[in-house]
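# Coordinate inspection notes
Given next are the chains, with one letter for each unit.
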Amino acid sequence: MTQRGRATRPTGPTGRPRHPAGTRGTDRVARGGDLAARRARLREVIEPVVTDAGYDLEDLSVSRAGRRHVVRVIVDADGGINLDAVADVSRAVSAALDAAEEAGGDIVAGEYQLEVSSPGVDRPLTLPRHWRRNTGRLVKVTVRGGETAGDRQVTGRVVEVDDERVVLETDAGRAEWTYADLGPGRVQVEFTRLDEIDEADEFDGTDQAGGAGDTDDFDDDDVEDEER
């Protein structure tokens, strides 16, 4: 994870942006929409950079933490992505954001922090590529049974994946389902594979660039809902 910051705009005596009298309540209501708009603009800038680097943009979120916004970018690829690659992507994304702001003004108003990382093992499997990248792993998933049969939980090892279906090796044997029949899959931690999990967790470490990325002054009470 790489962090980046930018200087704040002028603020009031408490360090928070000034609010005209009587507008704070309406500003808070509108803030969710503001975050969604920022997220859409950020995706326009970030996704082409990630794609050109040969990776998939798995998630992009923008949230507010105290006086700052936090821009979180999750990237992945077949075979995984190591810490050096995450750092390369972070530098490319940071440069693209700088260029976009120079050309068209602020994308995220005020100070913000950029965090780029690879997915953790707890990320849900929702797309064919997610299942493909976890071939050989044990997963738990809800199988939709419709109005008559009802939903049920299935645990099995991913043995085959294509664009239409996934095949699991379960205690009852092999079974296949289309993605429409499955809810989000969850990788199960296996004690015999802890070394593999530990390696994946290493990529969630922090590579800090510049003092502006420090998070010590985040106000936990001010953390607002994240827009995804």
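Residues numbered from 1 in each chain as written. Predicted model: local features only at pLDDT ≥ 70, side-chain atom pairs only at ≥ 80, totals over all residues. Heavy atoms only, no water.

This next bit is on the overall build of the chain. Each helix and strand in the chain was counted, giving 5 helices and 10 strands. Buried positions account for 37% of the 228 residues belonging to the chain. Taking the contacts inside the chain whose residues are at least 6 apart along the sequence as the reference set, 65% of them involve residues at least 24 apart. (Helix = DSSP H or I, 4+ residues; strand = E, 2+ residues; numbered from the N terminus. Buried < 20%, exposed > 50% of the residue type's maximum accessible area, 1.4 Å probe, protein only. Contact = heavy atoms within 4.5 Å.)

This part takes up the confidence of the model for the chain. Here the chain shows a mean pLDDT of 77. Residues at 70 or above account for 69%. Within the chain, no element has a lower average pLDDT than strand β10 (residues 207–208), which sits at 41, and none a higher one than strand β7 (residues 165–170), at 97. Taken together, the stretch residues 6–30 has pLDDT below 50 and engages in 28 contacts with residues farther than four places along the chain or on a different chain. When the criterion is pLDDT under 50, residues 205–228 qualifies, and its contacts beyond four places in sequence or with other chains add up to 55 contacts. (pLDDT = per-residue confidence, 0-100.)

Before going further, it helps to spend a moment on the environment of glutamine 113. Note that glutamine 113 resides in strand β4 (residues 112–117). Note: C-alpha distance between glutamine 113 and histidine 69 (44 residues apart in sequence) is 6.3 Å. Polar contacts involving the side chain of glutamine 113 include one to the side chain of glutamate 115, which spans 2.4 Å. (Polar contact = N/O pair within 3.5 Å; in protein donor to acceptor, adjacent residues only side chain to side chain.)

Okay, the environment of alanine 65 next. Position of alanine 65 relative to the elements: it lies in strand β2 (residues 56–65). We classify alanine 65 as buried; its relative accessible area is 5%. As for alanine 65 and glutamine 113, which are separated by 48 residues in sequence, their C-alpha atoms are 9.7 Å apart.

For the coordinates displayed, the defined rule picks out 19 salt bridges. Arginine 133 is paired through a salt bridge with aspartate 78; the nearest N and O atoms lie 2.7 Å apart. Here arginine 133 is found in the loop between α3 (128–132) and β5 (138–143), whereas its partner aspartate 78 is found in the loop between β3 (68–76) and α2 (83–104), with 55 residues between them in sequence. By relative accessible area, aspartate 78 is classed as partly exposed at 49%. Within this structure, Asp56, Glu58, Asp76, Asp78, Arg129, Arg132 and Arg133 form a network of salt bridges that share partners. (Salt bridge = Lys/Arg side-chain N within 4 Å of Asp/Glu carboxyl O.)

A few words now on the pairing of β3. Counting buried residues in β3 gives 8 out of 9 residues, a clear majority hidden from the surface. Between β2 and the antiparallel strand that follows it, β3, lie 2 residues; glycine 66 among them carries a positive phi value of about 65°. In the sheet, β3 pairs with β4 via 6 bridges, with the strands oriented parallel. By the bridge assignment, arginine 72 is partnered in β4 with glutamate 115. With α2 bridging β3 and its parallel neighbour β4, the resulting β-α-β unit is right-handed. (Pairing = 2+ DSSP bridges. Right-handed = clockwise from strand over helix to strand, strands pointing away.)

Before going further, it helps to examine the sheet that holds strand β6 (residues 152–161). The antiparallel open sheet is built from 5 strands, whose spatial order is β8-β7-β6-β5-β9. Each edge of the sheet is formed by a strand with only one pairing partner; in this case those strands are β8 (173–178) and β9 (186–187). Pairing geometry for β6 and β7, over 4 bridges, is antiparallel. Paired with valine 161 across the two strands is valine 166, which belongs to β7.

What follows covers the nonpolar core. Ranked by internal contacts, the top residues of the largest apolar core, which has 24 residues, are Leu42, Ile46, Val71, Val73, Val75 and Leu97. If you list the elements that add at least two residues to this core, you get α1 (24–52), β2, β3, α2 and β4. Sorting elements by how many residues they give to this core places α2 first, with 7 residues. Those residues in contact with valine 73 that sit more than four places away from it in its chain are Ile46, Leu57, Asp59, Leu60, Leu114, Glu115, Val116 and Ser117. (Core = buried A, V, L, I, M, F, W, Y, C linked by side-chain atoms within 4.5 Å.)

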